Each structure stands twice: as C-alpha cells, then as structure tokens.
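# Structural overview for review
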Amino acid sequence: MTKQITPEEVNKRLLKNEMVHIIDVRENAEVKTGKIPGAKHIPLGQLALRKHEFDQNIVVCQTGNRSKAACGILEAFGYDVENMIGGMNNWPGKLE
C-alpha cells in the first residue's frame, strides 16, 4: 500500500525547511505552468530509466493518479515513496 501525503503536509515540510525530495512526474507542458520549488522533473515515461537519480521521495503529478502509478514503479525498485494526493491541482504553496 502506497503511503500518501497531502499537499498541505508537503508545503508545511517545505516551510519548516525540512529535507524533502520531490519528483514531479508530469509532462513537460504541464511543468511549464509551474512546479513545487526544488522539485525534480522526471516525466513518468522516463522514471524507470532515471531511477538512480533519487532517494526517498514524495511523488507528484497533476491530479495524483500518475504519481500513484509512479509510486508503484518506485516501490517495485525498493524505494520508500509517498504519493501527494490531489496533485498539483490542490497545491497551496508557491511555484517556480
């Protein structure tokens, strides 16, 4: 069962300057509208090829569906990940 985290909880961690590793699995056009500051953009289709680029992570997409699929992929590789439910549609914080 994939762990879940709310956008508000992620934002609180960032505001507290906690070490948070965020992977944004949206497509390039979606990321152009803005992403969570410090998030690493790795489109879902490239995730398996680039799995060596990250550690424990929070995974985000636009609505939470692709990030849930991405969490399944990463968990199969042994990563400890959390799905940000509701995705960027519910993001309350700043964008870069």
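Keep in mind it's a predicted model, so treat the numbers as computed, not measured.

### Quick look at the sheet that holds strand β3 (residues 40-41)
- Read across the open sheet, the five strands follow the order β1-β5-β4-β2-β3; overall the sheet is parallel. Strands at the two margins of the open sheet, each flanked by one partner only, are β1 (3-5) and β3.
- Note: strand β2 (residues 22-24) against strand β4 (residues 57-60), three bridges, orientation parallel. Residue pairing for β4: Ile-22 is matched across the bridge by Ile-58.
- Sheet strands in contact with helix α1 (residues 7-15) are β1, β2, β4 and β5 (81-84), and its direction is about 70 degrees off that of β1.
- On the sheet, helix α3 (residues 65-76) packs against β1, β2, β4 and β5 and is oriented at approximately 175 degrees with respect to β5.

### As for unusual backbone geometry
- At Asn-17, a position not held by glycine, the phi torsion is positive, near 60 degrees.
- Structurally, the position occupied by Asn-17 is in the loop between α1 and β2.

Definitions and cut-offs
Residues numbered from 1 in each chain as written. Predicted model: local features only at pLDDT ≥ 70, side-chain atom pairs only at ≥ 80, totals over all residues. Heavy atoms only, no water. Pairing = 2+ DSSP bridges. Helix = DSSP H or I, 4+ residues; strand = E, 2+ residues; numbered from the N terminus. Contact = heavy atoms within 4.5 Å. Axes fitted to C-alpha atoms, helices over the stretch in contact; angles between N-to-C directions.

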